[in-house]
Amino acid sequence: ASSTLLRSKQWYQRRVRGQLMELFKQTDLHEERDRIQRILGYGPNDSLRAETLEFAMSKSVRSNDTPFVIAGVAYSGAEGREQAWTFVKNSYPVFLERYSGGFLFTRLVKETCSSFTDMDKYKDVEKFFSENKAPSAERAVKQSLESIKLRSAWL
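Heads up: these notes are all about the structure in this document. (Residues numbered from 1 in each chain as written. Predicted model: local features only at pLDDT ≥ 70, side-chain atom pairs only at ≥ 80, totals over all residues. Heavy atoms only, no water.)

This part is about the pattern of salt bridges. Applying the stated criterion across every chain yields a total of eleven salt bridges. Salt-bridge contacts for Arg38 lead to Asp34; the nearest nitrogen and oxygen are separated by 3.3 Å. Placement of the pair is Arg38 and Asp34 together in helix α2 (residues 30–40), with a separation of four residues, close to one helical turn. Owing to a relative accessible area of 18%, Asp34 belongs among the buried residues under this scheme. Notably, a salt bridge pairs Glu111 with Arg107, separated by 2.6 Å at the nearest N-O pair. Of this pair, Glu111 and Arg107 both sit in helix α7 (residues 103–113), separated by four residues, roughly a single helical turn. Accessibility expressed as a relative area gives 14% for Glu111, which makes it buried. In this structure Arg107 comes out as partly exposed when scored by relative accessible area, which is 35%. (Salt bridge = Lys/Arg side-chain N within 4 Å of Asp/Glu carboxyl O. Helix = DSSP H or I, 4+ residues; strand = E, 2+ residues; numbered from the N terminus. Buried < 20%, exposed > 50% of the residue type's maximum accessible area, 1.4 Å probe, protein only.)

What follows is the structure, given as structure tokens:
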């Protein structure tokens, strides 16, 4: 019975995602598209969040909206935060080329790594940015590391 319930839940989640994607395609209002893009990030499982991350990089999403779609995944909880950070690390050359020197690059850095809560993630973020420079986002990296350190001490 529990496997039937799980399949039913997954079907429902996929159906809701499909309805959101239809709304996204049908609307011409940027504000509505923006809300839908962010909501998609709150997918309740890795598979749906991975689809959202891929969607963020598609031609369907304006490049200046991509960081906010990814932030939606990062805001969805601990698993989403980890998934978004891994995605950013794996796609870093693309983000560097697209956003380096602008506020969107800074935003992407802050939104994907400043909410971690343990020193292992602190070390991961610190190591990544010591090996991968973040032009125009050095301050955001420092602020993110400080946020991680404070959250780690608090929790």
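Tracing the backbone shows Leu23 in helix α1 (residues 2–26). The spatial distance from the C-alpha of Leu23 to the C-alpha of Arg33 is 8.1 Å, given a sequence separation of ten residues.

Remark: helix α8 (residues 119–131) packs on helix α9 (residues 138–154), axes separated minimally by 9 Å, with the N-to-C direction vectors making an angle of 165°. Taken together, the axes of α8 and α9 are roughly antiparallel relative to one another. By crossing handedness, the relation of α8 to α9 is classed as left-handed. Between α8 and α9, the contacting residues are Met119, Tyr122, Val125, Glu126 and Phe129 on the first element and Val141, Leu145, Ile148, Lys149 and Ser152 on the second. For the contact of α8 with α9, the residue count by class is seven nonpolar, one polar and two charged. (Axes fitted to C-alpha atoms, helices over the stretch in contact; angles between N-to-C directions. Parallel < 35°, antiparallel > 145°, perpendicular 65-115°, else oblique. Left-handed = near helix turned anticlockwise from the far one by under 90°. Contact = heavy atoms within 4.5 Å. Nonpolar A, V, L, I, M, F, W, Y, C, P; charged D, E, K, R; others polar.)

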